[in-house]
Amino acid sequence: MEKHTGTGRGDRIPYRHDGIYIKSEDEIAAMRRAGRIVAGIIRKLCAHVAPGIRTRELDVIAVKELKEAGAVSSFKGYHGYPATICVSVNDEVVHGIPGERILREGDIVTIDFGAIYDGFHGDAAVTVPVGRVNDLALRLIEATRGALETAIATARAGARLGDIAAAIESYAHARGFSVIREYTGHGIGRQMHEDPQIPNCTEPPYGLKPGTGPLLKKGMTLAIEPMLTTGGWRTRVGADNWTVSTLDGSLAAHFEHTIAIDDTMPEVLTEGTYA
Ligand code: MF3
Ligand code: CO
């Protein structure tokens, strides 16, 4: 986990609670701008998803849109990541590298994208169908989006991190789907990945039981990102050293939003990635 290197806006020394940065109103305003850019670009990319398009073409569009927005990719160069977006198809869960693969009718595709604007990151992801897809794939997509929305509704000041994890897990299990255990959401701000890690499950070693983990405070900014599968929770990393796929070949979906914790419902800083 990176150390906070920014000087803060003004002369403010960043305030931390339980090791988690609390953003000022000004900082949240900056993150709102980053989030808006991310949401707009993801929406545009989704509009281009159709049978016949190459995943690399989506990356090219993202590069152009980012430049027009005056923003910079959060992902490109991150631990050597070679592209601007992640595109993960069918059994691929996260971190798929855009390339020559052509999307086909019946596929489901996850677009994950982050941008830095005025020193702050926004990060979001959606899974969408390519043309007509089967009923199981549609139900998986709906359940993953629903799990994110349930997690967001749980994420208010006074709740604990484990409450978010438990909400995601029980929502997924009630619909017959599994939750990926080894990848988590994260705090976000001047760094794409800040503390805390935000698990999507309650199982050890990474999970958190309800009522446990750090207390959520107004001003925390979090990227929540449930990943669900139609099969098991185990994953493998591909030969490119990035692409994470389900071990059993089952389908995976992934939704992510960057949010700001408040006393009542959190603010979704990347609102508008899907209708
Ligand atoms: N949304 C993902 C995350 O938060 C994307 C990171 S991809 C990487 O971890 F290439 F930047 F690593
Ligand atoms: Co993320």
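All values reported here derive from a predicted model rather than from experimental measurement.

Trainee: Which parts of the structure should I look at to understand the overall build of the chain?
Mentor: When you go through the chain residue by residue, the secondary structure sums to four helices and 17 strands. Expected size for 275 residues packed as a compact globule is a radius of gyration near 19 Å; at 17 Å, the chain falls within 12% of this value. With the C-alpha coordinates of the chain rotated into their principal frame, the extents come out at 50 × 40 × 35 Å. Scored against the burial criterion, the 275 residues of the chain give a buried share of 54%. A separation threshold of at least 6 residues defines the contact pool for the chain, and within that pool the share at least 24 residues apart is 70%.

Trainee: When you look at the coordination of the cobalt ion (ligand 2) in this model, what are you seeing that I'm missing?
Mentor: Where a metal carries four tetrahedral donors, each ideal angle is 109.5 degrees; where it carries six octahedral donors, the ideal angles are 90 or 180 degrees. Looking at the cobalt ion (ligand 2), the protein donor atoms are Asp123 (OD), His186 (NE2), Glu225 (OE) and Glu256 (OE), and they sit 2.1 to 2.3 Å from it. For the cobalt ion (ligand 2), the six donor atoms are set out with angles of 64 to 168 degrees between them, so the coordination reads as irregular. In primary sequence terms, the donor set of the cobalt ion (ligand 2) follows D-x62-H-x38-E-x30-E. A residue pair is termed long-range when its members are at least 10 positions apart, and Asp123 in strand S7 (residues 120-129) and Glu225 in the loop between strand S11 (221-224) and strand S12 (227-229) qualify at 102 residues. Classification of Asp123 by relative accessible area gives buried; the value is 3%.

Trainee: Sorry if this is basic, but what is going on with the layout of surface pockets here?
Mentor: By volume, the largest pocket is sized at about 540 Å³. In terms of lining, the largest pocket is formed by 24 residues, of which the most central are Tyr78, His95, Tyr183, Thr184 and His193. For the lining of the largest pocket, the per-class residue count stands at 11 nonpolar, eight polar and five charged.

Trainee: Would you mind showing me how to read the sheet that holds strand S15 (residues 252-254) here?
Mentor: Sheet strands associate in pairs through backbone hydrogen bonding, adopting either a parallel or an antiparallel arrangement. Read across the sheet, three strands follow the order S8-S12-S15 without closing on themselves; strand pairing throughout is antiparallel. Looking at the sheet topology across the chains shown, the edges are occupied by strand S8 (178-179) and S15. Here S8 pairs with S12 via two bridges, running antiparallel. By the bridge assignment for S12, Ser178 is matched with Thr229. Here helix H3 (residues 135-154) sits on the sheet in contact with S12 and S15, set at roughly 35 degrees to S15.

Trainee: Where do I start with the nonpolar core in this structure?
Mentor: Considering soluble globular proteins, one finds that nonpolar side chains tend to be buried as a cluster. Ranked by size, the top nonpolar core spans 58 residues in total, and within it Ile164, Leu216 and Ile224 carry the most contacts. Those residues in contact with Ile224, other than ones at most four positions away along the chain, are Leu148, Ala151, Ala155, Ile164, Ile168, Ile198, Phe255, Glu256, His257 and Ile259. One finds Ile28, Met31, Ile188 and Leu269 within the second-largest nonpolar core, a separate group that totals eight residues.

Trainee: Could you clarify how one ought to interpret the confidence of the model for the chain in this entry?
Mentor: Caution applies to low-pLDDT regions: their predicted coordinates should not be interpreted in detail. Of all residues in the chain, 95% attain a pLDDT of 70 or more, and the chain-wide mean is 95. Here residues 1-12 is a poorly scored stretch, pLDDT under 50, and it has 28 contacts once near neighbours within four places are set aside; other chains count.

Trainee: Before we go on, may I ask you to explain the site of ligand 1 in this structure?
Mentor: Around ligand 1 sit 13 residues, and of these Tyr81, Asp112, Asp123, His186 and His193 come closest. Within the contact set of ligand 1, a nitrogen atom lies 2.8 Å away from a side-chain nitrogen or oxygen of Asp112. The separation between an oxygen atom of ligand 1 and a polar side-chain atom of His186 is 2.8 Å. Burial of ligand 1 by the protein chains amounts to 95% of its free accessible area of 330 Å². At a threshold of 2 Å from the grid points, most atoms of ligand 1 map onto the largest pocket. Here the shell around ligand 1 is composed, by residue class, of six nonpolar, three polar and four charged.

Trainee: Mind showing me how you'd approach the pattern of salt bridges here?
Mentor: Think of it this way: side chains of opposite charge can pair up when their charged atoms draw near. Tallied over the entire structure, the rule returns 11 salt bridges. With its nearest N and O atoms 3.7 Å apart, the salt bridge here joins Arg33 to Asp118. Taken together, the residues span a long stretch of sequence, with Arg33 in helix H1 (residues 25-48) and Asp118 in the loop between strand S6 (108-117) and S7 at a distance of 85 residues. Relative accessible area serves as the criterion here: at 38%, Arg33 is assigned to the partly exposed category. Note that Glu100 is salt-bridged to Arg54, the shortest N-O span being 3.8 Å. Placement of Glu100 in the loop between strand S5 (92-94) and S6 and of Arg54 in the loop between H1 and helix H2 (55-69) is noted, with a sequence separation of 46 residues between them. We classify Arg54 as partly exposed; its relative accessible area is 33%. Several salt bridges converge on common partners, so that one network encompasses Lys44, Lys64, Glu65 and Glu68.

Trainee: Would you take a moment to explain the packing of aromatic side chains for this structure?
Mentor: The description of two aromatic rings rests on the distance between their centres and on the angle between their planes. Going through the model one piece at a time under the given rule, you end up with three aromatic pairs. Consider the rings of Phe75 and Tyr81, whose centres lie 6.5 Å apart with planes at 85 degrees: the pair is edge-to-face. Note on accessibility: Phe75 and Tyr81 belong to one class, buried. Taking 4.9 Å as the distance between ring centres and 80 degrees as the angle between the ring planes, the aromatic pair formed by Tyr81 and Trp242 counts as edge-to-face. Here Tyr81, found in the loop between strand S3 (72-73) and strand S4 (85-89), pairs with Trp242, found in the loop between strand S13 (235-237) and strand S14 (244-246); they are 161 residues apart in sequence, far enough to count as distant. What makes Tyr81 buried here is its relative accessible area of 3%. By relative accessible area, which is 21% here, Trp242 ends up partly exposed.

Reading the values: the criteria
Residues numbered from 1 in each chain as written. Chains lettered and ligands numbered in written order. Predicted model: local features only at pLDDT ≥ 70, side-chain atom pairs only at ≥ 80, totals over all residues. Heavy atoms only, no water. Helix = DSSP H or I, 4+ residues; strand = E, 2+ residues; numbered from the N terminus. Rg over C-alpha atoms; globule rule 2.2 N^0.38 Å. Buried < 20%, exposed > 50% of the residue type's maximum accessible area, 1.4 Å probe, protein only. Contact = heavy atoms within 4.5 Å. Donors = N, O, S within 2.8 Å, 3.2 Å for Na, K, Ca; no water. Tetrahedral: all angles 85-135°; square planar, octahedral: opposite > 155°, others 65-115°. 1 Å grid on protein atoms, 1.4 Å probe; cavity = no way out; pocket = protein on both sides within 12 Å on 5 of 7 lines; lining within 4 Å. Points joined across faces, edges and corners; volume = space filled by probe spheres on them. Nonpolar A, V, L, I, M, F, W, Y, C, P; charged D, E, K, R; others polar. Pairing = 2+ DSSP bridges. Axes fitted to C-alpha atoms, helices over the stretch in contact; angles between N-to-C directions. Core = buried A, V, L, I, M, F, W, Y, C linked by side-chain atoms within 4.5 Å. pLDDT = per-residue confidence, 0-100. Near = heavy atom within 4 Å. Polar contact = N/O pair within 3.5 Å; in protein donor to acceptor, adjacent residues only side chain to side chain. Areas by Shrake-Rupley, 256 points an atom, 1.4 Å probe, with all protein chains shown as cover. Sits in = over half its atoms within 2 Å of the grid points. Salt bridge = Lys/Arg side-chain N within 4 Å of Asp/Glu carboxyl O. Phe/Tyr/Trp six-rings, centres within 6.5 Å; stacked < 30°, edge-to-face > 60°.

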